[in-house]
Amino acid sequence: MTGNPDNSSDFSESLVAWFLQHGRRYPWRETCDPWFILVSEVMLQQTTIPTVLGRYGEWMRRFPNPAALASVSEQEALRSWEGLGYYRRVRALQAAAKAVVEQYGGTFPRDETALRALPGIGEYTAAAVLSFAFNIPAVLIDANVARVLARLYDDPTPIDTTVGRRVLRRRAEELLHRNNPRAYNSALMELGQTYCTPGAPLCLGCPVRTFCRAKDPTSLPVKKQERTISSLEHWDIWCLTEQGLLLELQPPTARHAGMYRLPQRPREFAETLPHLRDQTYSVTRYKVTRHIHRACVTVVPRASEHFISLSRLEALPLASPDRKIIRALLV
Ligand code: SF4
């Protein structure tokens, strides 16, 4: 062996050999069914592995094929996704399931162009389905892979620039294991999750240490733009009457379209009402603080707001922060 990632086949062989012996076992790594792979990829896009592990098995039993998801209402699909967040993912998944049923009789196509023509499936997800389901060579670059490649080549080119992305892609294509892309892609990601972690990597035990050129891995990868966290505040009302709890149905253009939430009111109005509780949570790059005020007789429901009986609440699609605060306030 030599200390050089340019010996791509040696590097890929070593990485795959390590993974086959030590790789973690996840349910989505025990299957070649493209539907199971697609669902895992969509769930893992913005949700942590432990959370997905807690939901994946049950979700797949409920929707074991595209036809099962295609046949339920959007509200039922949204409800099934609760706790996973980023609900546009399940909407896109349902649209893709319908397209697979209608256009391909429920069987997934095996080529990139056809996969990418399905709703919600971009370059990354198509490559994941091709390599993990069909073992077809396809390059996968996520944050873990980008970090590993920048370090392997000791490259300070910012990974979030056009040039940086192009360089990453070229290198990823050169290193890709052509005979076992399924194991290789999983291995590269797992290397980034276990040894080549953000911050201080565990180089001492790294299975590809002899190939790595990184002199100061903690300084890599370089990014042009640092993510900034912004604060967001809104004022909600809690209106519980004999008819039920007043909730607002989100319009089709909203982030949580088709789901319910506590109704919002302008701050000046809400602050004239008794304060009940504050809730803080994070969404993408926002830290959200919601101020909840008790309102009843003084509130005139808007067209999108409805009293929902408490017995219907559990079946209703609600974003997790809403479900949590509603449960807490009903105690
Ligand atoms: S030796 Fe260190 S920096 Fe290089 S790939 Fe392994 S963990 Fe990452």
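It should be emphasised that the depicted structure is a prediction, and the values quoted were computed from it without experimental measurement.

Glancing now at the packing of helix α2 (residues 34-44) against helix α6 (residues 88-104). One way to put it is that α2 packs onto α6 with a least axis distance of 10 Å and a crossing angle of 160 degrees. Considered as vectors, α2 and α6 are oriented roughly antiparallel to each other. Considering the relative orientation of α2 and α6, their crossing is right-handed. Here W35, L38, V39, V42, M43 and L44 of α2 lie close against α6, whose contacting residues are R89, L93 and A97. For the contact of α2 with α6, a count of residues per class yields eight nonpolar, no polar and one charged.

Sheet analysis places strand β1 (residues 230-238) next to strand β6 (residues 286-294), joined by nine bridges and oriented parallel. Each residue of the ladder has a partner; that of L232, found in β6, is V288. Two elements, strand β5 (residues 275-283) and β6, share eight bridges in a ladder whose sense is antiparallel. In the sheet register, V283 faces β6, and the bridge partner there is Y286. The turn linking β5 back onto β6 is made up of two residues, and T284 within it adopts a positive phi angle of 40 degrees.

Procedures and definitions
Residues numbered from 1 in each chain as written. Predicted model: local features only at pLDDT ≥ 70, side-chain atom pairs only at ≥ 80, totals over all residues. Heavy atoms only, no water. Axes fitted to C-alpha atoms, helices over the stretch in contact; angles between N-to-C directions. Helix = DSSP H or I, 4+ residues; strand = E, 2+ residues; numbered from the N terminus. Parallel < 35°, antiparallel > 145°, perpendicular 65-115°, else oblique. Left-handed = near helix turned anticlockwise from the far one by under 90°. Contact = heavy atoms within 4.5 Å. Nonpolar A, V, L, I, M, F, W, Y, C, P; charged D, E, K, R; others polar. Pairing = 2+ DSSP bridges.

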